[in-house]
Structure formats: C-alpha cells, structure tokens
Amino acid sequence: IIDTNGCIYQDTVIIYQPADVSIIESVINAKCYNEASGSVSLMISGGYAPYITNWYGVNINSLLAGSYIYEVVDSNSCVKSGIVVVSEPSKIIASSIVTPATCIYLNDGSVNVNILGGVPPYNTDWLGNNPQQLNKGTYNFLVVDSNLCVDSNQVFVYSISDIQVQEEIVNVSC
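Every chain is numbered independently, its residues counted from 1 as its sequence is written. Totals for whole chains, interfaces and linings use all residues, but because this is a predicted model, local features are given only for residues with pLDDT of at least 70 and pairs of side-chain atoms are given and counted only at 80 or more. To obtain the side-chain values, all non-hydrogen atoms of the structure were included, while hydrogens and water were left out.

Draft legend 1. Geometry of the nonpolar core. What makes a nonpolar core is a set of buried Ala, Val, Leu, Ile, Met, Phe, Trp, Tyr and Cys residues whose side-chain atoms join them at distances within 4.5 Å. With a 1.4 Å probe rolled over the protein chains alone, any residue whose accessible area is under 20% of its type maximum counts as buried; one over 50% counts as exposed, and the rest are partly exposed. Among the nonpolar cores identified, the biggest contains 13 residues, and Val 111, Trp 126, Tyr 139, Phe 141, Val 143 and Val 155 are the most heavily contacted of them. Listed by contribution, the elements that provide at least two residues to this core are strand 8 (110-116), strand 10 (137-144) and strand 11 (150-157). Numbering goes from the N terminus for both helices and strands, where a helix is a DSSP run of H or I of at least four residues and a strand is a run of E of at least two. Of all the elements, strand 10 adds the most residues to this core, at three residues. Among residues more than four places away in sequence, those in contact with Trp 126 are Val 111, Val 113, Pro 131, Tyr 139, Asn 140, Phe 141 and Val 155. Judged by nonpolar contacts, the second largest core, of ten residues, contains Trp 55, Leu 63, Val 72 and Val 84. By definition, residues are in contact when any of their heavy atoms lie within 4.5 Å.

Draft legend 2. Focus on the pairing of strand 11. Of the two faces of strand 11, only one is covered, namely that formed by Asp 151, Asn 153, Val 155 and Val 157; the face formed by Val 150, Ser 152, Gln 154 and Phe 156 stays uncovered. Bridging between strand 10 and strand 11 involves eight bridges; their strand directions are antiparallel. Counterpart to Tyr 139 in the pairing with strand 11 is Val 155. Linking strand 10 back to strand 11 in an antiparallel pair, the connection comprises five residues, with Leu 148 at a positive phi of about 65 degrees. Strand pairing requires that DSSP identify at least two bridges connecting the strands.

Draft legend 3. Spotlight on the sheet that holds strand 4 (residues 66-73). As summarised here, the arrangement of the three strands in space is 3-4-5, forming an open sheet in which the pairing is antiparallel. Among the strands making up the open sheet, the edge pair consists of strand 3 (52-54) and strand 5 (79-86). For this sheet, the mean inter-axis angle between neighbouring strands, taken without regard to orientation, is 25 degrees. Relative to strand 5, strand 4 runs antiparallel, the two sharing eight bridges. By the bridge assignment for strand 5, Gly 66 is matched with Val 86. The angle between two axes is taken between their N-to-C directions and runs from 0 to 180 degrees, where each axis is a line fitted to C-alpha atoms and a helix contributes only its stretch in contact.

Draft legend 4. Quick look at the side chain of Asp 74. With respect to the helices and strands, the residue Asp 74 is situated in the loop between strand 4 and strand 5. None of His or the chain ends enter the tally, which takes Lys and Arg as positive and Asp and Glu as negative. Salt bridges are defined as contacts in which a side-chain nitrogen from Lys or Arg sits within 4 Å of a carboxyl oxygen from Asp or Glu. The buried charged residue Asp 74 lacks any salt bridge, with Lys 80 as its nearest oppositely charged partner at 11 Å. Counting of polar contacts relies on pairs of N or O atoms within 3.5 Å, with two restrictions inside protein: one atom must be capable of donating a hydrogen and the other of accepting it, and residues adjacent in sequence are counted only when both atoms are side-chain atoms. In this structure the side chain of Asp 74 is engaged in a polar contact, spanning 2.9 Å, whose partner is the backbone nitrogen of Asn 76. Within the structure, Asp 74 has its side chain in polar contact with the backbone nitrogen of Cys 78 (distance 2.8 Å). Not counting the four nearest positions on each side in its chain, Asp 74 is found in contact with Val 21, Gly 47, Tyr 48, Pro 50 and Tyr 51.

Dropping the structure here:
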C-alpha cells in the first residue's frame, strides 16, 4: 500500500481454509440372503465439527443389500455426499438326488444333497433321520451355512415296488 507521502506499507494476510470434509466408510455386509443385518458407519474429519449426517430416513444398523446415499454437512454448511453399497451372500439352493427304496418298508433309499449359495461350509440337519437309510416317505431337512443362515427343504423318497401284504386269517372248521 502506498500513502499520499509515497510511503510504502507492506503486509501479508494469511487466509486459512479448513481441510475438506473427509469421510471413511465402514460397511458390514448382510449375513444372509434377503436379511436386514448389514450396517454402516462413517468416520468424518476435516471441515468444522460438529457434523450433521443425513441418511434420508434409513436405519443404518439394519440394512438389506443395496446402495444407500448419505450427506454430511459441517458447521460451515460445507456439504459432502456419498453412496455406500451393502452386499449379501447369494441364496442357499439345495438340490436333491434321490435313490428310491427297493420296497415300501425297507430303509435302503437315500438322498444326496448338492448345495450352492450362502457361505460354505454347510451343515445339513435331517431332523433325526439318516439320509442314507430311508424308506418311502417325505423327509424335511435344513441346510445351515457358516453364517448360520438356514434354508429348509423337503424331499420325497419313493419305492421301486409298492407291493404290500395284507394279512387275512381264515379259521379252519373241522
């Protein structure tokens, strides 16, 4: 600055700007297919605290798989927005290969199960039945994956021969 006498005045002005609002997203994916067990949290820094976070009405502690938009506003009204994605394992699918019982009352039928989806390894619960020693009938079983997701199933074991013996007693009259 030069005044009317030609004197020079020199000074420095420093304008501080806060760091940009920075967001680190932490996502926990849903444990099971079509289950609202996912969640998300944000670690916010920069800008000026306190911060207001808007999830547009979504409960961030009980999320299904999908994309969720959020907006963070600091105390200077600086806005930062983002999208988080919550994933899920695929649906558990059990397909059964049935070997029929030879006769209606013999326990020589069996069921082998192929499992896809979920998160391996899997456990199958035949509810007290041995899937390698089944007679003709309908059997329920459960598939449980390593996330403890459960899929219930039913299989029918048929018999090759449905021959049945019907008892008839005839008394001899002599």
